Amino acid sequence: MGIEFILLLIILGSVVGLLAGLLGIGGGLLVVPALLFLLPKMGINPEIVMHIALATSLATIIITSISSALNHLKLGNIDLFVVKWLLPGVLTGGFLGSVVAEWIPSDYLPKVFGVIVLALALQMVRSSMQARSTRPMPGAIVTLLSGNGIGIISTLAGIGGGSLTVPFLNHHGVEMRKAVGSSAVCGLVIAISGMLGFILHGYRVENLPQYSLGYVYLPALLAIASTSILTTRVGAKLASRLPTVTLKRFFAFFLMFVAITMLLQ
């Protein structure tokens, strides 16, 4: 990995951390397309680039979300019912997502990512225009199955699932503070489960780049995480000063552009 790529990944980590703190979104929505663009230029086999991008993105989410989950836990921003019934679902769903990614032909995986990101962008715009619903949470089984679906989709997009979990909880009457806190815990579990799945599947691949742990590319992970951890705090401070709803809508339209680009490849 040349110095220019390391610098680009450090800058990427700065932007990812800033947006994560400012908008409460997972960095995978930026990390995956950025790595998909950069890794082939570093000589990495295009056949496995998408798997490496997804796995490395999930690994960065683990590092950057640990402190967030612990802070929400200390502040009491966790809905125990939500965590109790969502966690088993997102845990198994996160691993199943890595299995599904192995089944999907590598040429189609970026298009699957594009469809998921487009849907998330539309949901982001929609949620910014809606108030919290008053309908109650579904029963334990439905919550468990919903967590399973969130885990699978999140792993296929290389994200922690906050873009799915928060709207789901808010739609079922969970106040935003506890929805975000519960989502942080669930997102950490999704990222760990999905990353472990990609590591296990990656051990069977022979043409991985040097310094890889399964599909996780450690140099990219360290470069991105080194700055994202720091700028997350900056973004969190800016969140109280800037119009986050407006910024979220602009970011959603940017995601639509990314998604359409991926679909047209």
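Note that the structure is predicted; figures quoted are calculated from it, not measured.

**Remarks on the packing of helix 3 (residues 46-75) against helix 8 (residues 176-202)**
Thought 1: In the contact formed by helix 3 and helix 8, the axes pass within 7 Å of each other and the chain directions differ by 145°. Relative to helix 8, helix 3 is oriented so that their crossing is left-handed.
Thought 2: Class assignment of the residues belonging to the contact of helix 3 with helix 8 gives a composition of 17 nonpolar, seven polar and one charged.

**Quick word on the UniProt feature "transmembrane region" (unreviewed entry) in the chain**
Thought 1: Cross-referencing UniProt, the feature "transmembrane region" (unreviewed entry) maps to residues 7-36, 48-70, 82-102, 108-125, 137-159, 179-203, 215-235 and 247-264 in the present numbering.
Thought 2: Between the end C-alpha atoms of residues 108-125 there is a gap of 26 Å, over a span that is 94% helix and 0% strand.
Thought 3: Helix makes up 100% of residues 247-264 and strand 0%, whereas the separation of the span's terminal C-alpha atoms amounts to 26 Å.

**Re helix 7 (residues 162-171)**
Thought 1: Counting buried positions over the ten residues of helix 7 gives seven, a clear majority of the element.
Thought 2: Buried residues of helix 7: Ser163, Thr165, Val166, Pro167, Phe168, Leu169 and Asn170, and no others.
Thought 3: Positive phi shows up at Gly173, right after helix 7, with a value of about 85°.

**Details of the environment of Met176**
Thought 1: Its place among the elements puts Met176 in helix 8.
Thought 2: Judged by its relative accessible area of 41%, Met176 falls in the partly exposed class.
Thought 3: The spacing of Met176 and Gly161 is 15 residues in sequence and 15 Å in space, taken between C-alpha atoms.

**Observations concerning the environment of Ser14**
Thought 1: By secondary structure assignment, the location of Ser14 is in helix 1 (residues 3-23).
Thought 2: Relative accessible area serves as the criterion here: at 24%, Ser14 is assigned to the partly exposed category.
Thought 3: For the pair Ser14 and Ala223, spaced 209 residues apart in sequence, the C-alpha to C-alpha distance is 9.9 Å.

**Comments concerning the nonpolar core**
Thought 1: Counting residues in each nonpolar core, the largest one holds 62 residues, and the members touching the most others are Leu9 and Leu35.
Thought 2: If one sorts the elements of this core by residue count, helix 3 sits on top with twelve residues.
Thought 3: If you look at the next biggest cluster of nonpolar residues, it comprises 13 residues, including Ile150, Leu169, Val189 and Ile190.

**As for a nonpolar patch on the surface**
Thought 1: On the surface, a cluster of nonpolar side chains totalling about 620 Å² of accessible area is made up of Phe95, Leu200, Tyr203, Tyr211, Leu213 and Leu218.
Thought 2: The topology assignment puts Leu213 in strand 1 (residues 212-213).

**What to know about the pattern of salt bridges**
Thought 1: In this structure the tally under the stated criterion is one salt bridge.
Thought 2: Notably, a salt bridge pairs Glu102 with Arg204, separated by 3.8 Å at the nearest N-O pair. Taken together, the positions of Glu102 in helix 4 (residues 80-103) and Arg204 in the loop between helix 8 and strand 1 put the pair 102 residues apart, joining distant regions of the chain.
Thought 3: Its relative accessible area of 27% is what places Glu102 among the partly exposed residues.
Thought 4: On the accessibility criterion, Arg204 (60% relative accessible area) is exposed.

Procedures and definitions
- Residues numbered from 1 in each chain as written.
- Predicted model: local features only at pLDDT ≥ 70, side-chain atom pairs only at ≥ 80, totals over all residues.
- Heavy atoms only, no water.
- Axes fitted to C-alpha atoms, helices over the stretch in contact; angles between N-to-C directions.
- Helix = DSSP H or I, 4+ residues; strand = E, 2+ residues; numbered from the N terminus.
- Left-handed = near helix turned anticlockwise from the far one by under 90°.
- Nonpolar A, V, L, I, M, F, W, Y, C, P; charged D, E, K, R; others polar.
- UniProt positions renumbered as here; feature names shortened; annotations may be inferred.
- Buried < 20%, exposed > 50% of the residue type's maximum accessible area, 1.4 Å probe, protein only.
- Core = buried A, V, L, I, M, F, W, Y, C linked by side-chain atoms within 4.5 Å.
- Patch = residues over 30% accessible without salt bridge, like charges linked within 9 Å, V, L, I, M, F, W, Y side chains within 5 Å.
- Areas by Shrake-Rupley, 256 points an atom, 1.4 Å probe, with all protein chains shown as cover.
- Salt bridge = Lys/Arg side-chain N within 4 Å of Asp/Glu carboxyl O.

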